[in-house]
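Remarks on the overall topology
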Amino acid sequence: MSAKVEDKLFLNRFNVDDESHLRLIDPDVCMKKCDDQPCLYICPANVYKMEKDRVSVNYEGCLECGSCRVGCPHFNIDWRFPRGGYGVRHKFG
Ligand code: SF4
Ligand code: SF4
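Residues numbered from 1 in each chain as written. Chains lettered and ligands numbered in written order. Predicted model: local features only at pLDDT ≥ 70, side-chain atom pairs only at ≥ 80, totals over all residues. Heavy atoms only, no water.

1. Quick notes on the packing of aromatic side chains
The condition that has to hold: Here a Phe, Tyr or Trp ring, Trp counted by its six-membered ring, pairs with any other such ring whose centre lies within 6.5 Å, and the pair is stacked when the planes are under 30 degrees apart, edge-to-face when over 60, and tilted otherwise. Between buried and exposed lies partly exposed: a residue is buried under 20% and exposed over 50% of the maximum accessible area for its type, with that area taken using a 1.4 Å probe on protein chains only.
Following the criterion strictly, the structure yields 1 aromatic pair and no others. Plain terms: the ring middles of W79 and F81 are 4.9 Å apart, the flat faces sit at 75° to each other, and that makes the pair edge-to-face. By relative accessible area, W79 is classed as buried at 10%. We classify F81 as exposed; its relative accessible area is 53%.

Below is the structure:
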């Protein structure tokens, strides 16, 4: 029997930095120019969420896969890896 994605993600652990490694360059672009808002559904960790009148970035659960970086049609995500020692640790447990 194969494990579900949710179960596999549960094996990840995070060393969360106080400082976000992901940033929307211009939040207005998200609301006014981005019709499909693909970041809301391509991120496997649901980092990007629509909250009232803005897109929030819950960087703490980022898996560092880079999908949002290439998937944003407006190049509106300032993407970098977390600082050394921070971020996801895969396949823990
Ligand atoms: S895909 Fe890019 S421009 Fe569109 S909502 Fe997400 S971050 Fe904003
Ligand atoms: S790098 Fe991957 S996991 Fe992290 S926010 Fe972007 S799409 Fe989500």
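2. Describing the site of ligand 2
Quick note on the threshold: Near residues are defined by distance, with any heavy atom within 4 Å of the molecule or strand qualifying the residue. In the scheme used here, Gly and all other residues not listed as nonpolar or charged are polar, with Ala, Val, Leu, Ile, Met, Phe, Trp, Tyr, Cys and Pro taken as nonpolar and Asp, Glu, Lys and Arg as charged.
Neighbouring ligand 2 are 13 residues; C43, C62, C65, G66 and C68 lie closest to it. Looking at side-chain class alone, the shell around ligand 2 contains 10 nonpolar, 2 polar and 1 charged residues.

3. Some remarks on the site of ligand 1
Every residue close to ligand 1 is listed here: L24, C30, C34, Q37, P38, C39, C72, P73, H74, N76 and I77. Of the residues belonging to the shell around ligand 1, the class tally is 8 nonpolar, 3 polar and no charged.

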